[in-house]
Amino acid sequence: MLRAMPKVSLIKGNDRRDNIRRSLELISDDIRKDLKSRQVIIKPNFVSTSIPLASSHVDQIRGILDFLNRFYSGRALIAEAACGDTMEAYRNFGYIGLLKEYDVELIDLNKGPFEKIPVLDRRGRTIRVRVSSLLLDKSNYLISAAKLKTHDTVVVTLSIKNAAMGSLFISDKVLVHQGFKQTNLNIAEIAGRVWPALSVIDGLVGMERDGPTLGSPIHVGTAISSTDPLAADRVACEIMGVDFNKVGYLYHCFRKGLGEADLQRIDIVGQTLSECIKPFRLHSTVEEQYGWRD
């Protein structure tokens, strides 16, 4: 029996907060059906604690909370294991103000608790990395708040990688990087354990060229949302002009059956793809990154 086509919402506009809220409203029925009384966890991307372009903008979080406040009565947890001091990132990027505006709690996932899960090194030997117990708990409703960015190892970083790598204890993140081939396999393995219930990708201003921290801004003016993270990331690749089949960890997630990546099997609502496509200039090492296929 064929499963229902996942919906991916696309919105264009110049107001980040409004873009995000409207993108979620387009798939409101899908979200409400899955959320019910589960604990909401919003996972931003703080690969840097000081570079705003590399990180999830606070207005993206506001857009998500504006939408949720219409029907969700619980406290939302905003949780991240930053590459640095997580609380410093919350302060630098204006997240402290959310405490007065909404019923939220800011959590530093680097403080644990953790569970150890196995991945492989480049020689095929098992190593164990610490993953947030909070994000591993399937009873929670995990929202990956990502953005459109290029990457220096895996071509692009979107909603799935945000959840996977952001779930790791800060000093264990480097252990996942085991050469182009095994790094992509490791990310896909971790992603299956911390699969988001909802992906929300901010594409107002993305990062091209030398992402995920040192790239350049590119104005796209979009927001992407879906309860199928792979479908969301697949559409994001198309918008960025990226060949999905060359992004190793996304390819592996599709082969594992974690989500939908066939554009013919994805129901895009809101704007059309053709209205949103804005090709990104990829990282200077992208040809080397494609070596995961060898």
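Analysis parameters
- Residues numbered from 1 in each chain as written.
- Predicted model: local features only at pLDDT ≥ 70, side-chain atom pairs only at ≥ 80, totals over all residues.
- Heavy atoms only, no water.
- Axes fitted to C-alpha atoms, helices over the stretch in contact; angles between N-to-C directions.
- Helix = DSSP H or I, 4+ residues; strand = E, 2+ residues; numbered from the N terminus.
- Parallel < 35°, antiparallel > 145°, perpendicular 65-115°, else oblique.
- Left-handed = near helix turned anticlockwise from the far one by under 90°.
- Contact = heavy atoms within 4.5 Å.
- Nonpolar A, V, L, I, M, F, W, Y, C, P; charged D, E, K, R; others polar.

Enquirer: Can you walk me through the packing of helix H1 (residues 16-25) against helix H3 (residues 58-68) in this structure?
Expert: Running from N to C, H1 and H3 cross one another at 40°; their axes reach a closest spacing of 7 Å. As far as their axial angle goes, H3 and H1 are oblique. The handedness of the crossing between H1 and H3 is right-handed. Here Arg16, Arg17, Ile20, Arg21, Leu24 and Glu25 of H1 lie close against H3, whose contacting residues are Asp59, Gln60, Arg62, Gly63, Ile64, Asp66 and Phe67. Within the contact of H1 with H3, the residues separate by chemical class into 4 nonpolar, 2 polar and 7 charged.

Enquirer: Is there a simple way to explain the packing of helix H10 (residues 229-240) against helix H11 (residues 248-255) in this structure?
Expert: A packed helix pair is summarised by two numbers, namely the angle formed by the two axes and the spacing between the axes. Remark: H10 packs on H11, axes separated minimally by 11 Å, with the N-to-C direction vectors making an angle of 140°. The angle between the axes of H10 and H11 places the two elements in the oblique class. In the packing of H10 onto H11, the handedness of the crossing is left-handed. In this structure, H10 contributes Leu230, Asp233 and Cys237 to the contact, and H11 contributes Leu250, Cys253 and Phe254. Here the residues of the contact of H10 with H11 sort into 5 nonpolar, no polar and 1 charged.

What is shown is where atoms sit, not what they do.
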